Amino acid sequence: MMAIRLTKKTKFLIIAALLVAVSAWFWQHPLHQAELAEKRGARQTPHNGANDKSSAARAVKAALSVEATRPAIVQWPMTLVLNGSIYPWQEALVSAEISGLRIQQILADVGTRVSKGQLLVMLADETVKADLQKQLATVDRDKAALAEAKSNADRAREIQNSGALSAQKINEYVIAEQTARANLALSEAELENQKIRLRQTKVVAPDDGVISSRSANLGNVVSAGTELFRLVRQGRIEWRGEVNAEQQTALHAGQLVRLTLSGGHTVNGKVRLISPTVDNNTRNALVYVDIPKDSAKPGMYVQGEVDIGQQQGVAVPLSAVTYRDGFAYVFELAPADAQGLSKVIQRKVQTGRSHGEQIELLGSLNTQAQFVLSGGAFLNDGDIVKVVTQTKRGA
């Protein structure tokens, strides 16, 4: 009996020891220690709902720091954009006036500045000079024939009342004199013609200007009317822009036109006249604009701009507009909180003209709204940003 009681006592002690060990392990476990620390902290500094929200707000981070801008009401310049080409003001054709002669000498080339009457081409003149000498001899012969006929006619008139010569014979002498006089006049006229032909062997410039093209080649035998050169009269050039019927009403003589040449260079010209007719195919008319000499070359295709007044519009800086997938967007700023954080709203807009650093926004727009000034390419709809500067109006 005594052995059995000892055994039960031993079992009891063993169970008690196990319970103590389990209790010690539970109280020393990290999870229990963390729970106790949280409860102690809760007793020391109690929290309310408002503080929880502030902590959550502090946890929100801004995606970007941005500046803000507002749309500006501006007097927008109205500009008419036209396309056209540059032409000579007037182009003179330099041609041969005589046929069958060989080009002996060429004294000008493309780009040469010439004066009115300046020698450009010399034609071989041997045959013309020979014809001239021949005609001079003919004139001398006809002068001698006229002198003889006049002498005979004078003697016949002196004795016509004496009866020595019949009236018929006297008339023959008088008619012979008149014929000789007419032959002399014809010979002299032909002599003048030969002199003109001799002068035509020298081809001269019809006006001051610049040679724009040359067809003359040494040794060519020319015909009357053969083009030898083209000459830009007085070196004047003009731009001819195409305008439709609606645009014509905004144009008038004297308006300033800005031409944009290759390389970004600009040239100013003035409207000289507007064509009184419209092309049947294109339904466009031409506007003729005088531009400075040597400012451009004929044949260039350039764009022209004409200021036709001003119009009120709404504009924002170019940097405030972001382009995505072929559309234009601005990022509107919602009212900022106490920490200066604001939510952005992506809005699709339609853009118009640009001038300097500004671009026009079309359609209805809240002019009091604030937009992100720059950096829109890094933002998405609903992002949180921090506004770091004061609002700029139309900056």
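Conventions we followed
Residues numbered from 1 in each chain as written. Predicted model: local features only at pLDDT ≥ 70, side-chain atom pairs only at ≥ 80, totals over all residues. Heavy atoms only, no water. Helix = DSSP H or I, 4+ residues; strand = E, 2+ residues; numbered from the N terminus. Buried < 20%, exposed > 50% of the residue type's maximum accessible area, 1.4 Å probe, protein only. Contact = heavy atoms within 4.5 Å. 1 Å grid on protein atoms, 1.4 Å probe; cavity = no way out; pocket = protein on both sides within 12 Å on 5 of 7 lines; lining within 4 Å. Points joined across faces, edges and corners; volume = space filled by probe spheres on them. Nonpolar A, V, L, I, M, F, W, Y, C, P; charged D, E, K, R; others polar. Salt bridge = Lys/Arg side-chain N within 4 Å of Asp/Glu carboxyl O. Core = buried A, V, L, I, M, F, W, Y, C linked by side-chain atoms within 4.5 Å.

Visitor: It is not clear to me how the environment of Leu-318 should be interpreted in this structure. Could you clarify?
Guide: Here Leu-318 lies in the loop between β16 (301-317) and β17 (322-324). Residue Leu-318 is classed as partly exposed on the basis of its relative accessible area of 34%. The sequence separation of Leu-318 and Gly-356 amounts to 38 residues, and the corresponding C-alpha distance is 8.9 Å. Contacts of Leu-318, omitting those with residues within four sequence positions, involve Ser-354, Gly-356, Glu-357, Gln-358 and Ile-359.

Visitor: Looking at this structure, how should I read the layout of surface pockets?
Guide: By volume, the largest pocket is sized at about 250 Å³. Taken together, 13 residues make up the lining of the largest pocket; nearest its centre are Val-210, Ile-237, Asp-294, Ala-296 and Pro-298. Here the lining of the largest pocket takes three residues from strand β9 (residues 209-214), the largest share from any one element. In this model, the second largest pocket occupies a volume close to 190 Å³. What lines the second largest pocket is a set of 13 residues, among which Asn-83, Gly-84, Arg-240, Glu-242 and Leu-286 lie closest to the centre. Elements represented by at least two residues in the lining of the second largest pocket include exactly β3 (72-88) and β12 (237-243). Here the lining of the second largest pocket takes six residues from β3, the largest share from any one element. Grouping the amino acids of the lining of the second largest pocket by side-chain chemistry returns six nonpolar, five polar and two charged.

Visitor: How do you make sense of the pattern of salt bridges when you look at a structure like this?
Guide: Side chains that differ in sign of charge can pair as their charged atoms come close. Under the defined criterion, the tally for this structure stands at 21 salt bridges. Across the salt bridge formed by Asp-154 and Lys-150, the nearest N and O atoms sit 3.3 Å from each other. Of this pair, Asp-154 and Lys-150 both sit in helix α4 (residues 126-158), separated by four residues, roughly a single helical turn. Accessibility expressed as a relative area gives 25% for Asp-154, which makes it partly exposed. Between Arg-236 and Asp-290 there is a salt bridge, and its shortest N-O distance comes to 3.7 Å. Of this pair, Arg-236 sits in the loop between β11 (227-233) and β12 while Asp-290 sits in strand β15 (residues 285-291); the two residues are 54 residues apart in sequence, bridging distant segments of the chain. Its relative accessible area of 24% is what places Arg-236 among the partly exposed residues. Salt bridges sharing common partners tie together Lys-150, Asp-154, Arg-157, Glu-177 and Arg-181.

Visitor: Looking at this structure, how should I read the nonpolar core?
Guide: Within soluble globular proteins, side chains that are nonpolar generally end up buried alongside one another. Ile-103, Leu-120, Val-121, Leu-123, Leu-228 and Phe-229 are the most contacted members of the largest nonpolar core, which has 20 residues in total. Mapped onto this core, the elements with two or more residues apiece are β4 (91-95), β5 (101-106), β7 (119-123) and β11. With residues near it in sequence (within four places) discarded, Phe-229 still touches Ala-92, Leu-93, Val-94, Ile-106, Ala-108, Leu-120, Val-121, Ile-211, Ser-213, Arg-214 and Ala-216. In this structure, Ile-86, Val-257, Val-271 and Val-302 belong to the second largest nonpolar core, which totals 19 residues.

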